[in-house]
Amino acid sequence: MKVTLVSNVLKVNQTLANENRDRFERNGVAVVNMMSSPGAGKTTLLEATLDRLAGKLRIGVIEGDLFTTRDAERIERKGVTVTQINTEGGCHLDANMVSAALADFPLDQLDLLIIENVGNLVCPAEYDLGEGHRAMLLSVTEGNDKPVKYPRMFMKADAVVLSKVDLVPYTDFDLGEAESDLAKVAPEARVFRVSSRTGEGLEEWCNWLTGLAKRA
Ligand code: MG
Ligand code: ZN
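Residues numbered from 1 in each chain as written. Chains lettered and ligands numbered in written order. Predicted model: local features only at pLDDT ≥ 70, side-chain atom pairs only at ≥ 80, totals over all residues. Heavy atoms only, no water.

Scanning the protein from terminus to terminus reveals 8 helices and 7 strands. A compact globule built from 216 residues should have a C-alpha radius of gyration of about 17 Å, and the protein, at 17 Å, falls within 12% of that. Reported as C-alpha extents along the three principal axes, the dimensions of the protein are approximately 50 × 45 × 35 Å. Per-residue burial for the protein yields a buried fraction of 51% across its 216 residues. (Helix = DSSP H or I, 4+ residues; strand = E, 2+ residues; numbered from the N terminus. Rg over C-alpha atoms; globule rule 2.2 N^0.38 Å. Buried < 20%, exposed > 50% of the residue type's maximum accessible area, 1.4 Å probe, protein only.)

All right, on to helix H7 (residues 175-185) then. Those residues of H7 not exposed but buried are Leu175, Ala178, Asp181, Leu182 and Val185. In a view along the axis of H7, the buried residues occupy a sector of 130 degrees, so they form one face of it. Packing partners of the buried residues in H7 comprise helix H5 (146-149), helix H6 (151-155), strand E6 (159-163) and strand E7 (190-193). Its side-chain oxygen 3.1 Å from the backbone nitrogen of Gly176, Asp174 forms the N-cap of H7. (Arc of directions from axis to C-beta. Contact = heavy atoms within 4.5 Å. Polar contact = N/O pair within 3.5 Å; in protein donor to acceptor, adjacent residues only side chain to side chain.)

Okay, the environment of Val168 next. When you line up the elements, Val168 lands in the loop between E6 and H7. Along the primary structure Val168 and Val140 are separated by 28 residues, whereas in three dimensions their C-alpha atoms are 6.3 Å apart. Filtering out sequence-adjacent residues up to four positions away, Val168 remains in contact with Val140, Phe173 and Leu175.

Another point: the pairing of strand E4 (residues 112-116). The buried count for E4 comes to 5 of 5 residues, which makes it a mostly enclosed element. With burial as the criterion, each face of E4 is covered, one bearing Leu112, Ile114 and Glu116 and the other bearing Leu113 and Ile115. Relative to E4, strand E1 (residues 30-35) runs parallel, the two being bridged by 5 bridges. Of the residues in E4, the one forming a bridge with Met34 is Glu116. Pairing of strand E2 (residues 59-65) with E4 involves 5 bridges; the strand directions are parallel. Considered in E4, the bridge of Ile62 is made with Ile115. (Pairing = 2+ DSSP bridges.)

With that settled, consider the pairing of strand E3 (residues 81-86). On a regular strand, one side chain projects to one face of the sheet and the next to the other, so that they alternate. Both E2 and E3 contribute to a ladder of 6 bridges, which runs parallel. Bridge pairing in E3 links Ile62 to Thr83. Considered for its hand, the β-α-β crossover made up of E2, helix H3 (residues 70-76) and E3 is right-handed. (Right-handed = clockwise from strand over helix to strand, strands pointing away.)

Protein coordination of the zinc ion (ligand 2) is provided by Cys91 (SG), His92 (ND1) and Cys123 (SG), with donor distances spanning 2.0 to 2.2 Å. Counting residues between consecutive donors of the zinc ion (ligand 2) along the chain gives the motif C-H-x30-C. One end of the pair, His92, is in the loop between E3 and helix H4 (95-101); the other, Cys123, is in the loop between E4 and strand E5 (133-139), with 31 residues separating them in the sequence. (Donors = N, O, S within 2.8 Å, 3.2 Å for Na, K, Ca; no water.)

Around the magnesium ion (ligand 1), the donor atoms from the protein are Thr43 (OG1), Asp71 (OD) and Glu116 (OE), and they sit 2.0 to 2.1 Å away. Between the donor residues of the magnesium ion (ligand 1), the gaps in sequence give the motif T-x27-D-x44-E. Here the residue Thr43 occupies a position in helix H2 (residues 42-53), and Asp71 occupies one in helix H3, the gap between them amounting to 28 residues. Accessibility classification places Thr43 together with Asp71 in one group, the buried group.

Bringing the pattern of salt bridges into the picture now. Summed over the entire model, instances satisfying the criterion amount to 12 salt bridges. The partner of Lys78 in a salt bridge is Asp51, and the shortest N-O contact between them spans 3.2 Å. One end of the pair, Lys78, is in the loop between H3 and E3; the other, Asp51, is in helix H2, and 27 residues separate them in sequence. Overall, Lys78 belongs to the partly exposed group, its relative accessible area being 33%. A salt bridge links Arg193 to Glu179; the shortest N-O distance between them is 2.8 Å. Of this pair, Arg193 sits in strand E7 while Glu179 sits in helix H7, and the two are 14 residues apart along the sequence. Residue Glu179 is classed as partly exposed on the basis of its relative accessible area, which comes to 26%. The structure contains a network of salt bridges with shared partners spanning Glu47, Asp71 and Arg74. (Salt bridge = Lys/Arg side-chain N within 4 Å of Asp/Glu carboxyl O.)

Structure, rendered in structure tokens:
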């Protein structure tokens, strides 16, 4: 019975996700669902991205968080449209939450919408939000075994950002091994080595986002 329940939940989610996707396509906005475990640096990468793309792309952000509005406040300081979704402890975003967050969202005035998912390496992968693209972050402080241990999160990714690469010398993280695992788990994904702190790799990452926005 439980199996049936889960599959119904996902079916309903898929219907709503398809509605969101139609809406994004009608408005010509590229949408990226950004996912990772907690603390991988999603919000920090977003801040650096918004700084770099200011005046070049019109970007909106949906911030998913369990309880606080802290991340949304950080993003709001960048002067972009941001809506917070508090999941009240829920461990992933779903298409219904995103649909509700879009109610007053000026989608027609945006080139790119970035959705920061709840930090979690398991179930966000199962919930299509209607996004056109998925970006996974993997910070070098997490260890390079995560793509093979949590393949479902990585296998549908269009981009994988290896974040905090400035910290590699202080960890056992093996960039080469991570990239060769990713080539097997997520062969379609573009892989970026990024440090939001030093700026390394931000140009390539921002060029990728710009390319998505231009094609939307
Ligand atoms: Mg965050
Ligand atoms: Zn969940």
